[in-house]
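Structural overview
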Amino acid sequence: MYKINKNNKNKKFSYRIDMVVLSCVVVFISCFVIYMFRGKIEPGSTKPAGQTSTSDTSSQNDSVVVKDNSQTSTSKTESSKPEGPIVNPVPQSEKADFSYFDNCVFIGDSISVGLTAYNILTPDKVIASIGLNISKIDSEKISTTNGKLTAHEALIQKKPANIYIMLGSNGIAWMSNESMISKYSSFIDKIQADLPESKIYILSIPPVTEGREVAAENPIKNTSIDSYNSELLKLANDKNVYFVDINTALKNNLGKLDTEKAEKDGMHFKKATYDIMLDYILTHIAQ
Amino acid sequence: MKKIALFLVSIISLFLIAGCSKKEEVADIKPEDVTKEIVESIEFPDMVQATPDNIKIMYDLDVKDFEAYSVVYAGSGGNADEVAVIKFPDEKTAKENKKVFEDIINERISIFSGYAPQEAEKLKNAELKVKGSYIFLAVCEEPDKALKIFNDSFKK
């Protein structure tokens, strides 16, 4: 049966090699049988057990969408900056779950402060201070959950998937559109350079009440707001970032903020007005 | 004789100093009851109860260092209204922390002066007091009325 060698050592060696090959074949067949049963592979399929068929994958994804919209929004936001031209203002979309805001950070002035002051969003989602205006965006230290930081520093730490910026209400009464847009533009450039994966949304600034338009102190005209907002829209298109027109969502038929939606100053929001604003954002998410 | 007189004067002075520096003994109050009564008695904009995170951002203080507290403030960023009743472990700590609130008030005055002078006025007229181990702050239309409610709460 075996090649007879004069050397007994060689004979033993040949016998062992055969045994090893035989063992390997037995182990392989055993593994394959176990593998077939445990992996529940369809006949004819060559995929390993760790992977699933196409139909399995799609059904799993469907269940994720139903169970948790936040996961859906995360996967959406992972797509980063748009590669081609975008449509602005962002058109209406299917309403996202409130958990969408888990992946967002809002930057703004006293109006944005209300988002966290009313406990609508947690403080880690809002980088805002009462006196903030676009001219101070690079220098002003804002109180955050991680200490006092500039808006840019705070963004770098948080690395949010979606950044919403609403700046201009402070300053529109005394700064020129050119000056504000120029500062805004630099700020967007910095964010795009350091956080290329984040989606940037510029929010139009909200309207004011009729009373605020004729106030004795610091009156603000809605026409000035509209003019600034159209510059913001152009800026968004130039920078290829998103523009969400919350101003339109908050205006009445006369193009002003309803008195009952505002505090006495005719500019800052009552709590219910934030609900309108956030609802609009949830229904205007870039796809 | 002179030595005896000097000795007696020293002893009396020591007693006087000790008497003057005696810590203010105050009763325990429930901060949330005080802020609630103030908000119900004075006209305020929409007010909200501050969370520990809010307090960290507003005062850079950790509520773990308080024995009890209640802070309510205007939800709208356009109003400076705020009422805070905070109990610290002792009077010394309360007095040390008074400076934190003084600095915050001054900072807010400069912020509000620019675009909401009436709110800056409220801040200038704010009542900030230390009573025993409590700090009391009221920024509102009637800070004196708020202070009276705070003081009266110790007599109940």
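A brief structural summary. (Residues numbered from 1 in each chain as written. Chains lettered and ligands numbered in written order. Predicted model: local features only at pLDDT ≥ 70, side-chain atom pairs only at ≥ 80, totals over all residues. Heavy atoms only, no water.)

**So, the overall build of chain A**
Scanning chain A for helices and strands turns up 10 helices and seven strands. When burial is assessed residue by residue, chain A has 45% of its 287 residues classed as buried. Sequence-distant contacts in chain A: of pairs separated by 6 or more residues, those separated by 24 or more amount to 68%. As displayed, chain A has an accessible area near 15300 Å², and 56% of this comes from carbon and sulfur atoms. (Helix = DSSP H or I, 4+ residues; strand = E, 2+ residues; numbered from the N terminus. Buried < 20%, exposed > 50% of the residue type's maximum accessible area, 1.4 Å probe, protein only. Contact = heavy atoms within 4.5 Å. Areas by Shrake-Rupley, 256 points an atom, 1.4 Å probe, with all protein chains shown as cover.)

**Describing the packing of aromatic side chains**
Applying the stated criterion across every chain, the model contains 14 aromatic pairs over all chains. Between the aromatic rings of tyrosine 164 of chain A and tyrosine 201 of chain A, the centroid separation amounts to 4.4 Å while the plane-to-plane angle is 10 degrees, which identifies the pairing as stacked. Here the residue tyrosine 164 of chain A occupies a position in strand S5 (residues 162-166), and tyrosine 201 of chain A occupies one in strand S6 (residues 199-203), the gap between them amounting to 37 residues. The class of tyrosine 164 of chain A is buried, set by a relative accessible area of 0%. On the basis of relative accessibility, which here comes to 0%, the residue tyrosine 201 of chain A falls in the buried class. Ring geometry for phenylalanine 66 of chain B and tyrosine 69 of chain B: centres 5.7 Å apart, planes at 65 degrees, overall edge-to-face. Owing to a relative accessible area of 8%, phenylalanine 66 of chain B belongs among the buried residues under this scheme. Grouping aromatic residues by their ring pairs yields a cluster made of Phe98, Tyr100, Phe101, Phe106, Tyr164, Tyr201 and Tyr242 of chain A. The ring of phenylalanine 154 of chain B carries the charged tip of lysine 131 of chain B above its face, separated from the ring centre by 5.2 Å. (Phe/Tyr/Trp six-rings, centres within 6.5 Å; stacked < 30°, edge-to-face > 60°. Lys NZ or Arg CZ within 6 Å of the ring centre and 35° of its normal.)

**A few points about the interface of chain A and chain B**
Across the boundary between the two partners, chain A contributes 25 residues, which contact 24 residues of chain B. Taken over both partners, the interface formed by chain A and chain B buries close to 1800 Å², and the fraction arising from carbon and sulfur atoms is 53%. Along the contact surface separating chain A from chain B lie two salt bridges. Salt-bridge contacts for glutamate 107 of chain B lead to lysine 148 of chain A; the nearest nitrogen and oxygen are separated by 3.6 Å. (Buried area = accessible area lost by both parts, 1.4 Å probe. Salt bridge = Lys/Arg side-chain N within 4 Å of Asp/Glu carboxyl O.)

**Describing the sheet that holds strand S2 (residues 68-74) of chain B**
Residues and elements named next belong to chain B. As summarised here, the arrangement of the five strands in space is S1-S2-S3-S5-S4, forming an open sheet in which the pairing is antiparallel. Sheet topology places strand S1 (47-49) and strand S4 (127-131) at the edges, where each strand pairs with a single neighbour. Here the average twist between neighbouring strands, direction ignored, is 15 degrees. Bridging between strand S3 (residues 82-87) and strand S5 (residues 134-139) involves six bridges; their strand directions are antiparallel. Within the sheet, the bridge partner assigned to lysine 87 lies in S5 and is tyrosine 134. (Pairing = 2+ DSSP bridges. Axes fitted to C-alpha atoms, helices over the stretch in contact; angles between N-to-C directions.)

**A closer look at the packing of helix H6 (residues 177-194) of chain A against helix H8 (residues 222-239) of chain A**
Helix-helix packing is described using two parameters, namely the angle between the two axes and the distance between the axes. Residues and elements named next belong to chain A. Running from N to C, H6 and H8 cross one another at 30 degrees; their axes reach a closest spacing of 10 Å. By the angle class used here, H6 and H8 are roughly parallel. Considering the relative orientation of H6 and H8, their crossing is right-handed. For the pair H6 and H8, contact is made by Asn177, Met180, Ile181, Tyr184, Ser185, Ile188, Asp189 and Gln192 and by Ser227, Tyr228, Glu231, Leu232, Leu235 and Lys239, respectively. Residues that form the contact of H6 with H8 fall into these classes: seven nonpolar, four polar and three charged. (Parallel < 35°, antiparallel > 145°, perpendicular 65-115°, else oblique. Left-handed = near helix turned anticlockwise from the far one by under 90°. Nonpolar A, V, L, I, M, F, W, Y, C, P; charged D, E, K, R; others polar.)

**A look at the pairing of S6 of chain A**
Residue and element names in this part refer to chain A. Counting buried residues along S6, five of its five residues qualify, which places the element largely inside the surrounding structure. Neither face of S6 is left uncovered, since the one carrying Lys199, Tyr201 and Leu203 and the one carrying Ile200 and Ile202 both have all their residues buried. Of the strand pairs in this sheet, S5 and S6 are connected by four bridges, and their pairing is parallel. When the sheet's bridge partners are listed, isoleucine 165 is paired in S6 with isoleucine 202. Note on the crossover from S5 through H6 to S6: the handedness is right-handed. Note that S6 and strand S7 (residues 242-244) share three bridges and pair parallel. Bridge pairing in S7 links tyrosine 201 to tyrosine 242. (Right-handed = clockwise from strand over helix to strand, strands pointing away.)

**What about the pattern of salt bridges?**
All chains considered together, the criterion is met by 26 salt bridges over all chains. Lysine 136 of chain A serves as the salt-bridge partner of glutamate 140 of chain A, at 3.3 Å between the closest nitrogen and oxygen. A relative accessible area of 16% places glutamate 140 of chain A in the buried class. Among the ionic pairs, glutamate 82 of chain B bridges to arginine 108 of chain B, the shortest N-O distance being 2.5 Å. Of this pair, glutamate 82 of chain B sits in strand S3 while arginine 108 of chain B sits in helix H4 (residues 91-115); the two residues are 26 residues apart in sequence, bridging distant segments of the chain. Here glutamate 82 of chain B matches arginine 108 of chain B in class, with each residue buried.

**Quick word on the side chain of asparagine 247 of chain A**
Residue and element names in this part refer to chain A. Topologically, asparagine 247 is positioned in helix H9 (residues 246-250). Under the relative-accessibility criterion, asparagine 247 is labelled buried at 2%. A distance of 3.1 Å separates the side chain of asparagine 247 from the side chain of lysine 251, its partner in a polar contact. Leave out the neighbours within four places in its chain, and asparagine 247 touches Ser204, Ile205, Pro206, Pro207, Ile225, Asp226 and Asn229. (Polar contact = N/O pair within 3.5 Å; in protein donor to acceptor, adjacent residues only side chain to side chain.)

These results come straight from atomic positions and should not be treated as a statement about function.
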